[in-house]
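Coordinates in review
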Amino acid sequence: MIPTLKVKPSAELLHLENFIIHHSCDIEHWFKSQWKRYQPPFYASVDLRNSGFKLAPVDTNLFPAGFNNLCETFLPLSIQAVSVAMEKLCPEAKKVIIVAEGHTRNIFYLKHLFSLSEILRKSGVEVRIGTINPEVTETLVLPIDESLSIEIDPIIRNGDYVAIQVDKNTVYRPCAIILNNDLSDGEPEILKKIKQSLIPPLHLGWHIRRKTNHFSYYNEVVKEFSEFTNIDPWLINPYFKQLKNLNFQERLGEEELSLIVSNMLEKIQAKYNQYGITHEPYVVIKADAGTYGMGIMIAKNSEDVLNLNRKMRNKMSVIKGGASVTEVIIQEGIHSEESIDESVAEPVIYMIDHFVVGGFFRVHINKGKDENLNSPGMHFIPQPFETSCIMPDQGRPCDDEANRFYAYGVIARLALVAAAREMKG
């Protein structure tokens, strides 16, 4: 089922979608000019929220882990996009290793690894999946369905290179290493100063990367795009602010956080008043470094921060890998007015190099339109975005689902330009 908006898009959002549809050639030319200046990440996914009056990214992941959720209709484009990306980043590559996360018990992640490896193989490179987990000392053979399994090998260091010991007499030493591990646990010694191409580079891992830094670049991109499109930047850009030196357990920084929440809610309410929006504003407080939906809470007033119970303090204190949370991003919350079978949904757009290669909807049957959907109980519904993410059909109405998917692709690529600038530094 194609998801639909429960409320009619506002005049401002319709204006934005209209502009995007009817000026697609100019917009694509603008993107081309960006890709001449900035090398896009090898791959990325962008979480979007569509409130009916606002369409904006809320997270950009540079180590995407859901290729198994994409519709197969886009497989040829994914293969082509990988070929283009590898030609730029490592044209001599004939062999690669995918460095996996440690989720060897997560069947969905294993299916993702299989899908990613198949895309790479069909692009013309030999692929093995490896792990940097020192506890893995021999090949893991892991079933992903009744008839299919994948192998994950321990990665070894061999001088200035990393490799996989296939057997007693065979060493698999690739030309390129593709990271699918977000490095939340820190920069691994085994990958430091290797002479192989490391894609993406180590500094994009969560041990260094910050969401607020990414959205600072996104601010710049939106400013340029908004001048070009003559629309209010707020319609495609969430407010945000960073706060450091927090300790949720010891309640350090609590009052400052409460003040930031209060001020941001006032800013959001002013915009709501400007556009006649009746929703209750809220903010999302997230760990500034991290993923997998950990270290996230919703606040609708400043007291929500001051009155955290012990369970919520514990939840906000650590993220993936047990890392302590001392820095957060306070981000404007965007209601999701999209639904599938009456469950709240949000689109996730996948890109390889500068190509949109598909997307899916994250759906949660137990969450509301003002809640975080990236949490236990979520499921994913592949969508045949097909050519609608590439070029719109100007013969269709501006609020048609196919043209909305094209608009999704445009906003996601704005986040991709920001990630490219972030990567360049």
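For the structure itself, look to the data block above.
Below: a short report on this structure. These figures come from a predicted structure and were not determined experimentally.

**A closer look at the nonpolar core**
Ile27, Phe31, Leu179, Tyr218, Ile236 and Leu414 are the most contacted members of the largest nonpolar core, which has 61 residues in total. In terms of residue count, the dominant contributor to this core is helix 9 (residues 401-424) (15 residues). The contacts of Leu414, once residues within four sequence positions are left out, are Trp30, Phe31, Tyr218, Val221, Phe225 and Ile236. If you look at the next biggest cluster of nonpolar residues, it comprises 38 residues, including Ala85, Val96, Ile199 and Val348.

**Considerations on the packing of helix 2 (residues 24-37) against helix 5 (residues 211-229)**
It is the contact of helix 2 with helix 5, at a shortest axis distance of 12 Å, that shows an interaxial angle of 145°. Once helix 2 is placed against helix 5, the crossing between them reads as right-handed. Seen from helix 2, the contacting residues are Asp26, Ile27, Trp30 and Gln34; seen from helix 5, they are Val221, Glu224, Phe225 and Phe228. Looking at side-chain class alone, the contact of helix 2 with helix 5 contains five nonpolar, one polar and two charged residues.

**A closer look at the pairing of strand 7 (residues 148-158)**
Here three bridges tie strand 5 (residues 126-131) to strand 7, and the two strands are oriented parallel to one another. By the bridge assignment, Ile129 is partnered in strand 7 with Ile152. Pairing between strand 6 (residues 140-145) and strand 7: five bridges, direction antiparallel. Looking at the pairing, Leu140 lines up with Ile152 of strand 7. If you look at the hairpin formed by strand 6 and strand 7, you'll find two residues sitting between the two strands.

**Digging into the environment of Ile381**
Tracing the backbone through its elements, the reader meets Ile381 in strand 19 (residues 378-383). A relative accessible area of 22% places Ile381 in the partly exposed class.

**Observations regarding helix 4 (residues 107-122)**
Look at helix 4: 23 Å from first C-alpha to last across 16 residues, which is about the 22 Å you get at 1.5 Å a residue. Among all positions of helix 4, only Tyr109, Leu110, His112, Leu113, Ser115, Leu116, Ser117, Ile119 and Leu120 are buried. Between the side-chain oxygen of the N-cap and the backbone nitrogen of Phe108 there are 3.0 Å, and the N-cap of helix 4 in question is Asn106. One or two steps after helix 4, the chain reaches Gly124, where phi turns positive at roughly 110°.

**Let's talk about the sheet that holds strand 15 (residues 328-332)**
With antiparallel pairing, four strands are arranged side by side in an open sheet as 12-15-13-14. With partners counted over all chains shown, the strands left at the sheet margins are strand 12 (240-243) and strand 14 (296-299), one partner each. Strand-to-strand twist of the sheet, defined as the mean angle between neighbouring strand axes without regard to direction, takes the value 20°. Pairing of strand 13 (residues 283-287) with strand 14, which is carried by four bridges, proceeds in the antiparallel orientation. Opposite Ile285, over in strand 14, you have Met297 as the bridge partner. Against the sheet, helix 5 contacts strand 12, strand 13 and strand 15, and its axis sits at roughly 150° relative to strand 12. Most of the contacts of helix 6 (residues 254-275) go to strand 15, to which it runs at about 20°, and overall it touches strand 12, strand 13, strand 14 and strand 15.

**Some remarks on helix 8 (residues 310-317)**
Among all positions of helix 8, only Arg313, Met316 and Ser317 are buried. Across the axial projection of helix 8, the buried residues extend over an arc of 105°, all falling on one side. Put simply, Asn309 is the residue that caps the front of helix 8, since its side-chain oxygen is 3.2 Å from the backbone nitrogen of Lys311.

**Some thoughts on the pattern of salt bridges**
Inspection of every chain in the model, using the stated rule, returns 20 salt bridges. Among the salt bridges present, the one from Glu327 reaches Arg210, with a minimum N-O distance of 3.0 Å. On the criterion of sequence distance, the pair formed by Glu327 in the loop between helix 8 and strand 15 and Arg210 in the loop between strand 11 (197-199) and helix 5 is long-range, its members being 117 residues apart. Linking Glu224 and Arg421 is a salt bridge whose minimum nitrogen-to-oxygen distance equals 2.9 Å. Taken as a pair, Glu224 in helix 5 and Arg421 in helix 9 lie far apart in primary sequence, 197 residues in all. Its relative accessible area of 31% is what places Glu224 among the partly exposed residues. In this structure Arg421 comes out as buried when scored by relative accessible area, which is 4%. One network of salt bridges, in which partners are shared, links Asp47, Arg49, Glu346 and Arg362.

**A look at the pairing of strand 17 (residues 343-352)**
Burial runs high along strand 17: ten of the ten residues are buried. In terms of strand pairing, strand 2 (residues 43-50) meets strand 17 through five bridges, oriented antiparallel. In the sheet register, Asp47 faces strand 17, and the bridge partner there is Val348. As defined by bridge partners, strand 16 (residues 338-340) adjoins strand 17 across three bridges and the pair is classed as antiparallel. Across the sheet, the residue bridging to Ser339 is Val344, located in strand 17. Here strand 16 hands over to strand 17 after two residues, with Asp341 in that stretch at a positive phi of 50°. The turn linking strand 17 back onto strand 18 (residues 355-364) is made up of two residues, and Asp353 within it adopts a positive phi angle of 55°.

Parameters at a glance
Residues numbered from 1 in each chain as written. Predicted model: local features only at pLDDT ≥ 70, side-chain atom pairs only at ≥ 80, totals over all residues. Heavy atoms only, no water. Core = buried A, V, L, I, M, F, W, Y, C linked by side-chain atoms within 4.5 Å. Buried < 20%, exposed > 50% of the residue type's maximum accessible area, 1.4 Å probe, protein only. Helix = DSSP H or I, 4+ residues; strand = E, 2+ residues; numbered from the N terminus. Contact = heavy atoms within 4.5 Å. Axes fitted to C-alpha atoms, helices over the stretch in contact; angles between N-to-C directions. Left-handed = near helix turned anticlockwise from the far one by under 90°. Nonpolar A, V, L, I, M, F, W, Y, C, P; charged D, E, K, R; others polar. Pairing = 2+ DSSP bridges. Expected span 1.5 Å × (residues − 1). Polar contact = N/O pair within 3.5 Å; in protein donor to acceptor, adjacent residues only side chain to side chain. Arc of directions from axis to C-beta. Salt bridge = Lys/Arg side-chain N within 4 Å of Asp/Glu carboxyl O.

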